[in-house]
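# Per-entry structural report
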Amino acid sequence: NMAKRKDSRSSTRHAPQFSGVIRPNGRIWVSAEQFYRAAEQIWTNEGVDLNAFVFPLIVNYALCAELSLKAAEGGTVGGGVTPDGLVKAAKIMSTAHGHNLSDVFASLELPTQAAIESAFLAMSGEQLAPLLTKCSNYFIQARYAYEQIGGSYDLTGVRTLAKGLLDAIKAFGTKNL
């Protein structure tokens, strides 16, 4: 099983005051899906040399994974209704922060983590923990690849992670309607 929850919300960063309930957030999930689809346009295009697009593929799949995890626990800051009955503007946010996938996952509530792990296994046939560990810093490393000295990436692994998390979070959100 994955590491216990780290309470990243008690750090020096000001934690936003969420209004309403914390639950899977479709708006964040749709953003994740768009990064996945962008990467898939390259991955599935016949005749494209994947080596020519390694970093865009890694960045898009890894960002998809990150946003999928963040979509698992989303909420709004602000909102509500004015005295005149108008809906106030609200900001969509996640309870999770950062780019390290293991840290983002560890910051989620333990029941959320368990549900994601179970759904990920059911949807992808893979254990979440090894892929999450392996791909944890891919977004951080690949977005500014020129700052890295060497390195290697598991393209199939990060693709499996992205798709598995997209599917797992969607299943988790649908189950919790």
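Above this note sits the structure.
Here's a quick rundown of the structure. On a predicted model such as this, the values are computed, not experimentally measured, just so you know.

Cut-offs used in this document
- Residues numbered from 1 in each chain as written.
- Predicted model: local features only at pLDDT ≥ 70, side-chain atom pairs only at ≥ 80, totals over all residues.
- Heavy atoms only, no water.
- Helix = DSSP H or I, 4+ residues; strand = E, 2+ residues; numbered from the N terminus.
- Buried < 20%, exposed > 50% of the residue type's maximum accessible area, 1.4 Å probe, protein only.
- Contact = heavy atoms within 4.5 Å.
- Areas by Shrake-Rupley, 256 points an atom, 1.4 Å probe, with all protein chains shown as cover.
- Core = buried A, V, L, I, M, F, W, Y, C linked by side-chain atoms within 4.5 Å.

For the protein chain, the helix and strand inventory stands at seven helices and three strands. Each helix (α) and strand (β) of the protein chain, taken in turn from the N terminus, gives the series β-α-α-β-β-α-α-α-α-α. Per-residue burial for the protein chain yields a buried fraction of 40% across its 177 residues. Look at the contacts in the protein chain between residues 6 or more apart in sequence, and 73% of them connect residues 24 or more apart. Accessible surface computed for the protein chain: about 9800 Å², of which carbon and sulfur atoms make up 54%.

Turning our eyes to something else, we now look at the nonpolar core. Within the largest apolar cluster, 43 residues are counted, with the highest numbers of intra-cluster contacts made by Leu69, Ile116, Leu128, Leu161 and Leu165. Among the secondary structure elements, those contributing two or more residues to this core are helix H1 (26-43), helix H2 (54-71), helix H3 (101-106), helix H4 (110-124), helix H5 (128-135), helix H6 (138-143) and helix H7 (155-175). Per-element tally for this core: the top contributor is H2, with twelve residues. Beyond its immediate chain neighbours, meaning those up to four positions away, Leu161 contacts Ala65, Leu101, Phe120, Leu128, Leu131, Leu132 and Cys135.

Don't take any of this as a statement about function, it's just geometry.
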